[in-house]
Amino acid sequence: MTISNTSGNDLPVTAPSPKSLILNLLLAADGDPLEASDAVLASSLFGIRENSVRVALVRLGAAGLLASSGRGAYQLGPAAASLADELSSWRSAEVRTIPWTGDWLMVCTAELGRSDRKALRVRDRALALMGMKPLNDALHVRPANLLGGAADTRDRLQRLGLPAQAPVFIARDLDTALDTRARSLWDGQGLTQAYRRTHQRLDAWLARSHDLDAETAARESYLLGNEAIRQLVFDPLLPEPLVDTQARRAFTEAVVAFDRAGHDIWRRLLQHLPARGKPSKDAHDPKRHTTH
């Protein structure tokens, strides 16, 4: 599925899988249960069949990502709790940064091993969510511009699944060659361009959204908003001079405004869909957070 902006260029956006859409619905629920009928209804807007939704619910439950909260209703399971907390913080990510003095946050993974693929995936996702890059086979690194320094970073990484035995520390006074190598791990110019490009796409879509029918507007706002939120969730929060932090802040503000507009679009749609048969609630708005 693609989204066309006002200039006529196509924006490639992947339709959600049943699993990711269900998790997004639950992340948006702020602790309220999600009824299977609401998941089916929202999924139908993306051409997802009811049977696929039911299968996804069963599989997510078996993985501990969902838990039953009554007949035909679900809430996030224990396996999703820590990740949900991290993903839901995208709006306030900017306040977690401090001015950079040139020091580096480092994680040593030398003693963790790589034979357990599941553990490796969890570890790599945790490090990616914290914006860390491999400096060599044993060390992951990022600028030490996060509030709370090594202690808070260690706590967050462990909540996301990093084993407690992995040392997390601050390094300073790297030699010139190693410091230059560390700075080159990120494409700062590419990140800055991505902030501006997605910002423009969001603004362009909002400018033409009033011309769309309700279901098309709901689908496209979800897809484009989900893509933008994912961009923020996995943003490394680099400092100046590695990226243009003003462009990132402006982009974040644009995503917040787009997300708010998406809420309104989904509320209006769900209020008028005859299959719903009950008043709309913000908790069933799948435009609020993202998972994948």
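Residues numbered from 1 in each chain as written. Predicted model: local features only at pLDDT ≥ 70, side-chain atom pairs only at ≥ 80, totals over all residues. Heavy atoms only, no water.

A. Looking closely at helix H3 (residues 50-62). Compared with the 18 Å implied by 1.5 Å per residue over 13 residues, the 19 Å span of H3 between its first and last C-alpha is a close match. Looking only at H3, the buried set comprises Val53, Ala56, Leu57 and Leu60. Considered in projection along H3, the buried side chains sweep an arc of 105° and stay on one side of the axis. The exposed set on the far side of H3, more than 90 degrees from its buried face, consists of Asn51, Val58, Arg59 and Ala62. Two residues or fewer past H3, glycine 64 is found with a positive phi of approximately 80°. (Helix = DSSP H or I, 4+ residues; strand = E, 2+ residues; numbered from the N terminus. Expected span 1.5 Å × (residues − 1). Buried < 20%, exposed > 50% of the residue type's maximum accessible area, 1.4 Å probe, protein only. Arc of directions from axis to C-beta.)

B. Fine view of the packing of helix H8 (residues 188-208) against helix H9 (residues 214-233). The interhelical angle for the contact between H8 and H9, taken along N-to-C directions, is 165°, at an axis separation of 11 Å. The pairing of H8 with H9 is recorded here as roughly antiparallel in orientation. H8 and H9 meet at a crossing whose hand is left-handed. The segment H8 lies against H9, with Ala194, Tyr195, Thr198, Arg201, Leu202, Trp205 and Arg208 engaging Ala217, Glu220, Ser221, Leu224, Glu227, Ala228 and Gln231. Broken down by class, the residue content of the contact of H8 with H9 amounts to 7 nonpolar, 3 polar and 4 charged. (Axes fitted to C-alpha atoms, helices over the stretch in contact; angles between N-to-C directions. Parallel < 35°, antiparallel > 145°, perpendicular 65-115°, else oblique. Left-handed = near helix turned anticlockwise from the far one by under 90°. Contact = heavy atoms within 4.5 Å. Nonpolar A, V, L, I, M, F, W, Y, C, P; charged D, E, K, R; others polar.)

C. Focus on the environment of arginine 268. Residue placement: arginine 268 occurs in helix H10 (residues 245-272). The spatial distance from the C-alpha of arginine 268 to the C-alpha of alanine 218 is 9.4 Å, given a sequence separation of 50 residues.

D. Spatial organisation of the sheet that holds strand S9 (residues 168-171). One open sheet holds the 4 strands; their spatial order is S7-S8-S6-S9, and the pairing between them is antiparallel. Edge positions in the open sheet fall to strand S7 (133-134) and S9, since each of these has one partner strand only. Here strand S6 (residues 104-108) runs beside strand S8 (residues 139-143); their pairing, made up of 5 bridges, is antiparallel. When the bridges of S8 are listed, methionine 106 appears paired with valine 141. (Pairing = 2+ DSSP bridges.)

E. The arrangement of the sheet that holds strand S5 (residues 73-76) in detail. Ordered in space as S3-S5-S4, the 3 strands form an open sheet in which the pairing is antiparallel. Each end of this open sheet is capped by a strand with a single partner; those strands are strand S3 (34-35) and strand S4 (66-68). When S4 meets S5, the two strands line up antiparallel, connected through 3 bridges. Bridging across to S5, alanine 67 finds its partner in glutamine 75.

F. Up close: the confidence of the model for the chain. Across the chain, the average pLDDT comes to 85, with 85% of residues at 70 or higher. Predicted confidence for residues 1-9 stays below pLDDT 50, and this span has 23 contacts to residues more than four positions away or in other chains. The low-confidence segment residues 276-292 (pLDDT under 50) makes 71 contacts with residues lying over four places distant or belonging to another chain. (pLDDT = per-residue confidence, 0-100.)

G. Quick look at the environment of asparagine 51. Looking at the element boundaries, asparagine 51 is found in helix H3. Taking the C-alpha atoms as reference, asparagine 51 lies 8.8 Å from valine 40; in sequence the two are 11 residues apart.

H. Spotlight on the packing of helix H2 (residues 36-44) against H3. Close contact between H2 and H3 brings their axes to 9 Å; oriented N to C, the two are set at 130°. Taken together, H2 and H3 sit at an angle that is classed as oblique. H2 and H3 meet at a crossing whose hand is right-handed. Seen from H2, the contacting residues are Ala36, Ala39, Val40 and Ser43; seen from H3, they are Glu50, Val53, Arg54 and Leu57.

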